[in-house]
Amino acid sequence: MSSDDLDTDSLEKRPQFGTRFLLDKKNVFEHNAWDNVVWDDAQEAAAKSKVEENSEVLMTPEDIEKLDNEAAIHWDAFYDIHQNRFFKDRNWLFTEFPELAQTYNESTSLPNVTAELSNSSELQGKEKFGELEHTVDKTDLERTIVPEKEETITPSCSENIFAVNSKESFPGEHAKFRILEVGCGVGNTIFPILKTNNSKELFVYGCDFSSHAVDIVKASEDYEKERCFAFVCDVASEEWNTPFPEGSLDLIVCIFVLSAVHPDRFSIVAEKMASYLKPGGMVLFRDYGRYDLAQLRFKKGRCLSENFYARGDGTRCYFFTQDEIRQLMTSAGLEEVQNLVDRRLQVNRGKRLTMYRVWVQAKYRKPL
């Protein structure tokens, strides 16, 4: 979870994006946000120039290595300061990812998705951004991701240190539908999912690099041991110490997390996520896009490598393109379901400011 995630708060306030378009720039201050904003060549060139400028001076190799070695320290410090006050619950998730709002049973299917989305390079107008994306349950590309009969699965960890009772070889073993959030932070995704779905057939896992974040999740009054399990995990490592075995998850949520990982380890994260999905399981992804406002705001001397920066608090952030995510996920053996750019124009009408946000949103499925 990114320490810039507060910048996405505007997502909390909308029931559905993709329905408000700026047709005349003279009207820009009539609303707080505009959807699917098209950049002209001049704006694209200006953003590229700004990135080239703030990338001219790189941090020293010694400082870069120090940041990498102390990554956990910086995230623990972040959560020590902010506790659970910094982020809002991501209730917008159920609009963008209706797969998370399902009623789970033995014949659960994820919402249908249109084949057209798998080939869309960018959202183009209301037919894709508003009506198509948010009526995915009405298309005809169906699949069932839960096996017809339940199998006994042996945990992937060497010792069963995660078991919660003698009736389970791992927490959530008897659930019909399992979700993992990587980089769960303080539970702002986990808890809305649990509140939206009361089914006992659902089990939600959350892992985070920061032990302090995991402690905050477990201390919450919304933490139900019978329905969720939080644990510490470095998802950039080649070995994940998880409470569940490989091939056991229906959904993996990866939102504003991969950008905090060193680019050299992106492929490790993608491959590990793929290994823990069931056949037909899906990764739900959202993160910072190239030339997002947050990237343009960095000053000289904060750049670690191309499109990778260090914030003032020591946490790091990478800014993706659609092609990078496509290459990353497909190389891990996943099939593209959705890959789009969400370009949003946020407006401060009081200060007469315009702020251009860019996010990449994607869904990738493990072949059946």
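One can find the structure itself at the top, above this paragraph.
Residues numbered from 1 in each chain as written. Predicted model: local features only at pLDDT ≥ 70, side-chain atom pairs only at ≥ 80, totals over all residues. Heavy atoms only, no water.

### Quick notes on the pairing of strand S10 (residues 335–348)
We count it as follows: Classification of residues uses two cut-offs on accessible area relative to the type maximum, computed with a 1.4 Å probe and protein chains only: under 20% is buried, over 50% is exposed, and between them is partly exposed. In this text, helices come from DSSP runs of H or I with a minimum length of four residues, and strands from runs of E with a minimum of two, each type numbered from the N-terminal end. Following DSSP output, two strands are said to pair if at least two bridges run between them.
Burial analysis of S10 places 12 of its 14 residues in the buried class, the great majority of the element. For S10 and strand S11 (residues 353–365), the ladder comprises 13 bridges, and the chain directions are antiparallel. Along S11, the bridge assignment pairs Leu345 with Tyr356.

### Concerning the nonpolar core
The nonpolar side chains of soluble globular proteins are, as a tendency, buried together. Quick note on the threshold: Each nonpolar core is a collection of buried residues, namely Ala, Val, Leu, Ile, Met, Phe, Trp, Tyr and Cys, held together in the definition by side-chain atoms within 4.5 Å. Contacts are assigned to residue pairs that have any heavy atoms within 4.5 Å of one another.
Counting 85 residues, the largest nonpolar core has Leu100, Leu180 and Val182 as the members making the most contacts within it. Those residues in contact with Val182 that lie beyond four places of it in its chain are Cys207, Val235, Trp240, Ile252, Val253, Cys254, Val257 and Met273.

### Thoughts on the environment of Ser259
As a reminder of what qualifies: Pairs of N or O atoms within 3.5 Å make up the polar contacts considered here, provided that, within protein, one atom can donate a hydrogen while the other can accept it, and that residues adjacent in sequence are counted only when both atoms are side-chain atoms.
Relative to the assigned elements, Ser259 resides in the loop between strand S5 (249–255) and helix H9 (266–276). Take Ser259: its relative accessible area is 0%, and that puts it in the buried class. Put simply, Ser259 and Phe320 are 61 residues apart on the chain and 7.8 Å apart in space, counted from C-alpha to C-alpha. Contact partners of Ser259, with chain neighbours within four places excluded, come to Asp287, Tyr288, Phe308, Arg316, Cys317, Tyr318 and Phe320. Within the structure, the side chain of Ser259 is placed 2.7 Å from the side chain of Asp287, a separation counted as a polar contact.

### A short note on the environment of Thr242
Mapped onto the fold, Thr242 is located in the loop between strand S4 (228–232) and S5. Owing to a relative accessible area of 1%, Thr242 belongs among the buried residues under this scheme. Each C-alpha atom, one on Thr242 and one on Val232, is 8.7 Å from the other, the two residues being 10 residues apart in sequence. A polar side-chain atom of Thr242 sits 2.5 Å from the main-chain carbonyl oxygen of Phe244.

### Considerations on the pairing of strand S6 (residues 277–288)
Filter applied, for reference: For a crossover, the right-handed case is the one in which the path from the first strand over the helix to the second runs clockwise, viewed with the strands pointing away from the viewer.
With 11 of its 12 residues buried, S6 lies for the most part within the structure. In the classification by handedness, the crossover that spans S5, the intervening H9 and the parallel S6 is right-handed. Two elements, S6 and S11, share seven bridges in a ladder whose sense is antiparallel. By the bridge assignment for S11, Asp287 is matched with Val360.

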